[in-house]
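# Overview (structure and organization)
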Amino acid sequence: MFTITKEVYFCYGHRLMNHPGKCRHLHGHSVKAAISVTQESLNEQSMVCDFSDIKTCVEQYIGQYLDHNFLLHKDDPLAPVLTANNERFWALEEHPTAEVLSKMIFMHLKKAGFNVTQVELWETASAYASYRES
Ligand SMILES: [Zn+2]
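Note that the structure is predicted; figures quoted are calculated from it, not measured. (Residues numbered from 1 in each chain as written. Predicted model: local features only at pLDDT ≥ 70, side-chain atom pairs only at ≥ 80, totals over all residues.)

If you tally the helices and strands in the protein, you get 3 helices and 6 strands. Dimensions of the protein along its principal axes, counting C-alpha atoms only, are 55 × 30 × 25 Å. Considering the protein as a whole, with its 134 residues, one finds that 28% of them fall into the buried category. Across the protein, contacts joining residues at least 24 apart in sequence account for 57% of those joining residues at least 6 apart. (Helix = DSSP H or I, 4+ residues; strand = E, 2+ residues; numbered from the N terminus. Buried ≥ 20, exposed ≤ 12 C-beta atoms within 10 Å, placed from the backbone. Contact = placed C-beta atoms within 7 Å.)

Turning our attention to the pairing of strand β1 (residues 2-14). For β1 and strand β2 (residues 27-39), the ladder comprises 13 bridges, and the chain directions are antiparallel. Along β2, the bridge assignment pairs Phe2 with Gln39. Both β1 and strand β3 (residues 69-73) contribute to a ladder of 3 bridges, which runs parallel. Within the sheet, the bridge partner assigned to Gly13 lies in β3 and is Phe70. (Pairing = 2+ DSSP bridges.)

Packing of helix α1 (residues 51-65) against helix α3 (residues 98-111) leaves a shortest axis separation of 10 Å and a crossing angle of 130°. The orientation of α1 relative to α3 falls into the category oblique. Here α1 runs over α3; the crossing is right-handed. Of the residues in α3, those touching α1 at Cys57, Val58 and Tyr61 are Ile105, His108 and Leu109. (Axes fitted to C-alpha atoms, helices over the stretch in contact; angles between N-to-C directions. Parallel < 35°, antiparallel > 145°, perpendicular 65-115°, else oblique. Left-handed = near helix turned anticlockwise from the far one by under 90°.)

Now the structure itself:
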């Protein structure tokens, strides 16, 4: 079994509505996503796949939906305020945690055909969430 991991970096703002601590306030993160792709055997170039293919796929998604965006839960009362002020945001079905974001990135890569096995979302230098299916 071979695994390669590609790291990409981006920024977002969010808040965790109803969080008992400071995460309920508006704040942002400069994060690293580490995407792992696995294959039983290597391709004709002796690779799992090209790192740049992962980068292109994930950066297209992150650029469109996550980078420099503001992520809220769909029931967050801030959503109408942001709309009224022409601010960009994305209201998610779930709370916009590192866990949820790692799953969203995972699902995008899976749908694009990558044999993605894990996505880590490093919210700080010492804390990350990850999503995998097995
Ligand atoms: Zn946060």
